[in-house]
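A look at the structure
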Amino acid sequence: MVPVSAFLVLAVVLFGIGTVGVMVSRNMIILFMSIELMLNAANMVLIAFSRALNIVDGHVIVFLVLAIAAAEAAVGLALIVNLYRNRETINIDRYSLMRW
Amino acid sequence: MNFDTIIFLVSAVVAVFGATMMVAQRNPVASVLYLILSLVAQAACYVQMAALFLGVILVVVYAGAIMVLFLFVIMLLNLRGEEDLGPGQPAISRVTKYVVAMLITLELAFVVKAAPVQEITAGILGLTPDEFGSVRMVAQAMFTRFVYAFELTGLLLLVAVVGAVVIARIDRPAGGNMTGPEGSPTTGGGAK
């Protein structure tokens, strides 16, 4: 039986890698995928405590989070496509202006 | 070291490796593939925590559908990697970003370390019924106590899909000219 704390440590490590990706990455798509990774790390904490407390509510919340992540991915990728059409680059540093 | 621990260690190492390579990659396609590897390993962790249904959903929906959407966009935009990004950043900027990210992660680690996990979960662990996390149990909760949240999620998905179509649409002139004013369909983009 693997203790809950092991899964929590794994979730923190994954969340940290996602944070580093969001901070460091200049590629907009990799940055976006890092956000997805952070969402999944939060999901892992929910499932770990759901298992530990023997309540299935966490599973439902994780399911809803997955659905919302799908919606977020659709809108975010549409935004990236539109930004790329306007500026011909996906370097996030080039989008420092709200208006040009 | 028993069998459960070995499986956990293997899947955890693969998940962290995939996530690290995802961030470190220059080529976005390779990055997506490493994220899929990480997600499959995370699904193995879910199954270890008796979340069978969610493990399957993670592989099918996340690694299967959403990541393919990412691949579609990367190939639609014809991205290759470093040459698309232009000149790099100054070193001080990079170092600052790493330090800030590490500080956030350390803060989170302290919170998790301070959480009384052992006290909360003492005596509960191991009482899990065999069908915990199955489709039946998740669905029973989802369609009774969480039914409004479930319905609202459906509405949200509809709004998101319509919004994605509106955002990504190419604005064409009113005359119905499919190729745009300059003969290129990509010149007039932008949400009005």
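Up top is the structure.
Residues numbered from 1 in each chain as written. Chains lettered and ligands numbered in written order. Predicted model: local features only at pLDDT ≥ 70, side-chain atom pairs only at ≥ 80, totals over all residues. Heavy atoms only, no water.

**A closer look at the packing of aromatic side chains**
Tallied over the entire structure, the rule returns five aromatic pairs over all chains. On the numbers, 4.8 Å between centres and 70° between planes, the contact of A:Phe7 with B:Phe8 is edge-to-face. Of the two residues, A:Phe7 is situated in helix α1 (residues 4-24) and B:Phe8 in helix α1 (residues 3-24); the pairing between them involves two chains. The pair A:Phe7 / B:Phe8 is uniform in exposure class, with both members buried. Ring geometry for B:Phe143 versus B:Phe150: centroids 4.9 Å apart, planes at 75°, classification edge-to-face. Residue classification places B:Phe150 among the partly exposed positions, given a relative accessible area of 26%. (Phe/Tyr/Trp six-rings, centres within 6.5 Å; stacked < 30°, edge-to-face > 60°. Helix = DSSP H or I, 4+ residues; strand = E, 2+ residues; numbered from the N terminus. Buried < 20%, exposed > 50% of the residue type's maximum accessible area, 1.4 Å probe, protein only.)

**A closer look at the environment of A:Phe49**
Checked against the element boundaries, A:Phe49 lands in helix α2 (residues 28-53). Overall, A:Phe49 belongs to the partly exposed group, its relative accessible area being 22%. In the structure, A:Phe49 is positioned 48 residues away from A:Leu97 in sequence and 42 Å away in space, judged by C-alpha atoms. Not counting the four nearest positions on each side in its chain, A:Phe49 is found in contact with A:Leu8, A:Asn54 and B:Val117. (Contact = heavy atoms within 4.5 Å.)

**Some thoughts on unusual backbone geometry**
The phi dihedral of A:Asn54 is positive, around 65°, even though this residue is not glycine. Mapped onto the fold, A:Asn54 is located in the loop between α2 and α3 (57-87).

**Side note on the interface of chain B and chain A**
Residue-level contacts link 88 residues of chain B with 71 residues of chain A. Buried surface at the junction of chain B and chain A, summed over both partners, amounts to about 7200 Å²; 78% is from carbon and sulfur atoms. Scanning the region where chain B abuts chain A turns up one salt bridge. A salt bridge links B:Arg145 to A:Asp57; the shortest N-O distance between them is 2.9 Å. Along the contact surface separating chain B from chain A lie five residue pairs in polar contact (both at pLDDT 80 or more). (Buried area = accessible area lost by both parts, 1.4 Å probe. Salt bridge = Lys/Arg side-chain N within 4 Å of Asp/Glu carboxyl O. Polar contact = N/O pair within 3.5 Å; in protein donor to acceptor, adjacent residues only side chain to side chain.)

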